[in-house]
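# Fold and contact review
Each chain, letter by letter, is given below.
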Amino acid sequence: TQLRYVWLNDTLERFGGVPRAQRLGRRLSELLPGLQADTIEGLMRKVLETGVPVTDYEYVGWSWADPRRQHAYSTSFFPLTGPESAITGVCYMVSDVTERWNARQLLSLVNEAGTRIGTTLDVLWTAQELADFAVPRFADFVVVDLLEPVLSNEGHGAWLTDAGPAPVKPVMRRAGMSSVREGCPEAVARIGERVDFVPPPHGADLLIEGDPILIPVLDPADELWVTEQPARAASMREFGLHSLISVPMRARNTALGLATFIRSLNPI
């Protein structure tokens, strides 16, 4: 009734990353404060007081078992009864539902994006809407670079996906950007300026027929970055930019540009 552990199975010990011997006799809030412990203990007290189970309570939190990544859990609480139906404690069962949670969050993100991005036919406005929407929901720093023919509305044929060889370095302009840091200090180009950024070792082929790319670990000392993108390598080092996704943007068979999503604060 004091919400102290008296028993747990091997799975729960593994979930939390705290050895069983350290749990017994102690409360959840003393061991795993990153798991909404106060809220969970409040639900347990409610079960103790009312005798009514609480089922499928979902929450997100950190644990010592995987301190670099949040997990989602579904938890149910049941009263334990003794002689004459007196409530003597609470049993709780927990399942890791991270995949289900992430899928639901992603679907919600996509649905919201559909209502927030593309509210006008202005291509620059739409580029900025994309950048603003993704920060901080998905990334800490986002840039949207569009090919010059797209912005000038001329010469689209030069960038058709079934066209011949394209330039090694595409000429684009910064159309939108957003950051969790005021003023986007990570940026090496401002809105309207020319850019030729494609993550090394890729070239124009990425825009024309390539798939989105993930660079899970950005290394500012990497020779390709230092040689081809020295200013961006310096920004990576200064602001701790540690992972990147670059997504080619296309409309039917026409390449439009590149959207790049970068994380620095968010560790996952």
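These notes cover the structure that comes with them. (Residues numbered from 1 in each chain as written. Predicted model: local features only at pLDDT ≥ 70, side-chain atom pairs only at ≥ 80, totals over all residues. Heavy atoms only, no water.)

## Looking at the pattern of salt bridges
Two side chains with opposite charge may pair up if their charged atoms get near one another. Stated formally: By definition here, a salt bridge exists when the distance from a side-chain nitrogen of Lys or Arg to a carboxyl oxygen of Asp or Glu is within 4 Å. Each residue is assigned to one of three classes by its accessible area relative to the maximum for its type, calculated with a 1.4 Å probe on protein chains only: buried under 20%, partly exposed between the two thresholds, exposed over 50%. The helix and strand labels rest on DSSP assignments: H or I over at least four residues marks a helix, E over at least two residues marks a strand, and numbering proceeds from the N terminus.
Tallied over the entire structure, the rule returns 14 salt bridges. A salt bridge links Glu 30 to Arg 26, with the nearest nitrogen and oxygen atoms 3.9 Å apart. Its relative accessible area of 40% is what places Glu 30 among the partly exposed residues. The class of Arg 26 is partly exposed, set by a relative accessible area of 36%. Of the charged contacts, one joins Asp 56 and Arg 100 as a salt bridge, the two residues approaching to 3.9 Å between their closest N and O atoms. Placement of Asp 56 in strand S1 (residues 54–61) and of Arg 100 in helix H5 (residues 98–116) is noted, with a sequence separation of 44 residues between them.

## A few points about the environment of Arg 232
To be explicit about the condition: Any pair of residues with heavy atoms lying within 4.5 Å of one another is described as a contacting pair.
Position of Arg 232 relative to the elements: it lies in helix H10 (residues 230–239). Residue Arg 232 is classed as buried on the basis of its relative accessible area of 15%. The contact partners of Arg 232, leaving out residues within four places of it in the chain, are Arg 174, Val 188, Val 195, Asp 196, Phe 197 and Trp 225.

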